[in-house]
Amino acid sequence: GTTSLARIPPSVLRTHHKRDDAWAAFNGKVYNITPYLSFHPGGEKELMRVAGRDGTKLFSLTHAWVNVDLMLDACLVGFLVPEPSS
Ligand code: HEM
């Protein structure tokens, strides 16, 4: 269930920025986009622009009508949370 999903701050998200280990955040949710890269109709290169980052803005600029929630449900890793203060 969703209660067991990880809470991921930007510093952790940033470490997953490689072609073979790519995560990205959309609308507060973090997805492992690695298995989807080769299927993206807009190409791998476009999708890799948001690897390790919050891709919400770029996503909505390119195709706000696409339902990322439904498409990548199986790739959900957790929730993007603010960086813990020290
Ligand atoms: C096209 C999904 C992220 C850029 C598409 C299409 C889908 C899709 C379904 C076809 C849309 C249509 O024809 O109506 C996704 C998913 C994403 C994602 C699930 C997140 C994991 C991104 C990002 C960018 C991007 C972050 C830009 C940096 C594009 C472009 C096209 C496209 C430019 C148009 C390709 C064309 O028609 O030639 N994407 N996308 N996508 N996507 Fe994405």
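The preceding data block contains the structure.
Treat the numbers as computed from the prediction; the structure is a model and nothing was measured.

Account for the nonpolar core, with residues named and values stated.
One finds Phe26, Tyr31, Ile33, Leu47, Val68 and Leu72 to be the most contacted residues of the largest nonpolar core, which totals 15 residues. Looking at this core element by element, the count peaks at three residues for strand S3 (residues 21–26). Not counting the four nearest positions on each side in its chain, Leu47 is found in contact with Ile33, Tyr36, Leu37 and His40. With five residues, the next largest nonpolar core counts Ile8, Leu13, Ala25 and Val30 among its residues.

Lay out the site of the ligand in plain terms, naming residues and giving numbers.
Neighbouring the ligand are 18 residues, the closest being Tyr36, His40, His63, Trp65 and Leu72. His40 is positioned with one of its side-chain polar atoms (N or O) 2.8 Å from a nitrogen atom of the ligand. For the ligand, an oxygen atom lies 2.9 Å from a polar atom in the side chain of Trp65. For the shell around the ligand, the secondary-structure elements that each account for two or more residues are helix H2 (44–48) and helix H3 (56–63). Broken down by element, the residue count for the shell around the ligand peaks at four residues, all from H3. When its residues are assigned to classes, the shell around the ligand shows twelve nonpolar, four polar and two charged.

With reference to specific residues and values, describe the pattern of salt bridges.
Using the criterion set out here, one finds three salt bridges in the structure. The salt bridge partner of Glu44 is Arg19, with a shortest N-O separation of 2.8 Å. Of this pair, Glu44 sits in helix H2 while Arg19 sits in the loop between strand S2 (17–18) and S3; the two residues are 25 residues apart in sequence, bridging distant segments of the chain. In this structure Glu44 comes out as partly exposed when scored by relative accessible area, which is 32%.

Kindly report on unusual backbone geometry, identifying the contributing residues and their values.
Negative phi is the rule for most residues except glycine; trans is the rule for most peptide bonds. Even without a glycine there, the phi angle at Asn27 is positive, about 50 degrees. The residue Asn27 is located in the loop between S3 and strand S4 (29–32) in this model.

Before we move on, can you summarise the coordination of the iron atom of the ligand with the specific residues and values?
Protein-derived ligands of the iron atom of the ligand are His40 (NE2) and His63 (NE2), with the metal-ligand distances lying across 1.9 to 2.0 Å. If you look at the iron atom of the ligand, its six donor atoms make angles of 86 to 178 degrees with each other, and the shape they trace is octahedral. Of this pair, His40 sits in the loop between S4 and H2 while His63 sits in helix H3, and the two are 23 residues apart along the sequence. Comparing His40 with His63, the two get one shared label, buried.

Basis of the calculations
Residues numbered from 1 in each chain as written. Predicted model: local features only at pLDDT ≥ 70, side-chain atom pairs only at ≥ 80, totals over all residues. Heavy atoms only, no water. Core = buried A, V, L, I, M, F, W, Y, C linked by side-chain atoms within 4.5 Å. Buried < 20%, exposed > 50% of the residue type's maximum accessible area, 1.4 Å probe, protein only. Helix = DSSP H or I, 4+ residues; strand = E, 2+ residues; numbered from the N terminus. Contact = heavy atoms within 4.5 Å. Near = heavy atom within 4 Å. Polar contact = N/O pair within 3.5 Å; in protein donor to acceptor, adjacent residues only side chain to side chain. Nonpolar A, V, L, I, M, F, W, Y, C, P; charged D, E, K, R; others polar. Salt bridge = Lys/Arg side-chain N within 4 Å of Asp/Glu carboxyl O. Donors = N, O, S within 2.8 Å, 3.2 Å for Na, K, Ca; no water. Tetrahedral: all angles 85-135°; square planar, octahedral: opposite > 155°, others 65-115°.

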